[in-house]
Amino acid sequence: MAGNCRKNFDEVSHGQMKEIIRESFLAAGASAVGFARAEEVAISAVEEYGAWIDAGQHAGMDYLVRHGLLKRHPSNVLDNASTVISMAFSYAPAQWRDGALPVISCYAYGEDYHEVIRRRLTPVVESLRLRYGGEWRICVDTAPLAERYWAVMSGIGRRGRNGSVIVENCGSYNFLAEVLTTLCVAPDAPSRAFCADCGECMRACPQKAISGDGTVDARRCINYLTIESRGDWGMDEMSAMHTSSARECLYGCDICQRVCPHNRDVTPTAIDEFKPRKGIMELTAADVLGMTQNEFSLFFKGSAMKRAKLAGLRRNARNILDIRDEDQVESHSDLP
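This write-up is about the structure you can find in this document. No experiment lies behind these values; they were computed from the predicted model shown.

## Notes on the packing of aromatic side chains
Right, on to step 1. Considering all chains together, one arrives at 13 aromatic pairs under this definition.
Right, on to step 2. Here the aromatic rings of F299 and F300 are separated by 4.9 Å at their centres, their planes lie at 75°, and the arrangement is edge-to-face.
Right, on to step 3. Residue class for F300 comes out buried when judged on its relative accessible area of 1%.
Right, on to step 4. Feature note: the residues Y91, W96, Y107, Y113, Y173, F175, Y251 and F274 constitute an aromatic cluster, connected by ring pairs.
Right, on to step 5. Directly above the aromatic system of W96 lies the positively charged group of R258, at a separation of 3.8 Å from the ring centroid.

## Quick look at helix α2 (residues 43-54)
Right, on to step 1. The end-to-end C-alpha distance of α2 is 16 Å, a good match for the 16 Å that 12 residues give at a rise of 1.5 Å each.
Right, on to step 2. Check the buried side of α2 and you find it contacts α3 (63-66).
Right, on to step 3. Following α2 by one or two positions, G56 has its phi on the positive side, about 75°.

## Describing the sheet that holds strand β1 (residues 32-37)
Right, on to step 1. The sheet built from 4 strands is open, its strands ordered β1-β2-β7-β4 with antiparallel pairing. The sheet terminates laterally at β1 and β4 (136-139), the two strands that pair on one side only. The mean angle between the axes of side-by-side strands here comes to 20°, regardless of whether they run parallel or antiparallel.
Right, on to step 2. Relative to strand β7 (residues 174-181), β4 runs antiparallel, the two sharing 4 bridges. Looking across to β7, one finds that I138 is bridged to V179.
Right, on to step 3. Along the sheet, helix α4 (residues 113-132) contacts β2 (83-90), β4 and β7; its crossing angle with β4, the most-contacted strand, is approximately 165°.

Calculation criteria
- Residues numbered from 1 in each chain as written.
- Predicted model: local features only at pLDDT ≥ 70, side-chain atom pairs only at ≥ 80, totals over all residues.
- Heavy atoms only, no water.
- Phe/Tyr/Trp six-rings, centres within 6.5 Å; stacked < 30°, edge-to-face > 60°.
- Buried < 20%, exposed > 50% of the residue type's maximum accessible area, 1.4 Å probe, protein only.
- Lys NZ or Arg CZ within 6 Å of the ring centre and 35° of its normal.
- Helix = DSSP H or I, 4+ residues; strand = E, 2+ residues; numbered from the N terminus.
- Expected span 1.5 Å × (residues − 1).
- Contact = heavy atoms within 4.5 Å.
- Pairing = 2+ DSSP bridges.
- Axes fitted to C-alpha atoms, helices over the stretch in contact; angles between N-to-C directions.

Right under this line is the structure:
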């Protein structure tokens, strides 16, 4: 465990190893790389997470309840983990979809980040394993890790009121990823900063889903309601989704990020795979309604948008076009 970690090299060699690891991941496309000791998550963070779950603010994401205990220590993901290497990968867009089109969250403009980041990190990790030994594991938003907690603990970003991690030079437009290793690497200083605390995200959120303490009530969040929520919306959800702002959203919502001062003038991502895929900048609600399952599978192959499934996107599209039942779908489709 981390508490029994011994130095793998003398002080000079150990420092060289750390910088070689950092530079290797930066060369793979990361915007920031930081190191933290793999130890028990702070009790304050555990209690905050538990209170958020107990309040039901995770909505229908029951897997978050199941993963609660596992998230308390990285060794539950990799036996004898000593170090958490936290990384941010920018997806900041160079351009946005036309404002006349329904909203698609900009993180989904490009290829699915799970696949892209894992593909970029795998050869780096294999090279480091051969060079330094030890066990390594790549985690990209699928393992039970407290990702935002470790990003802050490793010093790569500060916590935002809208629940995001704000990273220097790419704001909150970033994907988080971690590599766990049994090697002992000296930790970086944790971030003690908070966001600019301007409150813009709280004021701009049309559903008042942002609590202001860094947590978001998913039950009122358009991002959750258009992506993670399955099936027909309940009465409370329908009330939220029938507002004018929600009816502009096909997949996700970037309102709180677009008003954030930390996201002003950020450099667009240099990662080609996160740049807009063919057709994504022109996609309409009517296009989605006209899709067959096969067309959906082909169009969204390799896209994060497939997470919502065709049924979810069609539900969202009907909401945008104010269609109450499937019988009205054909007359609104632009597809031949």
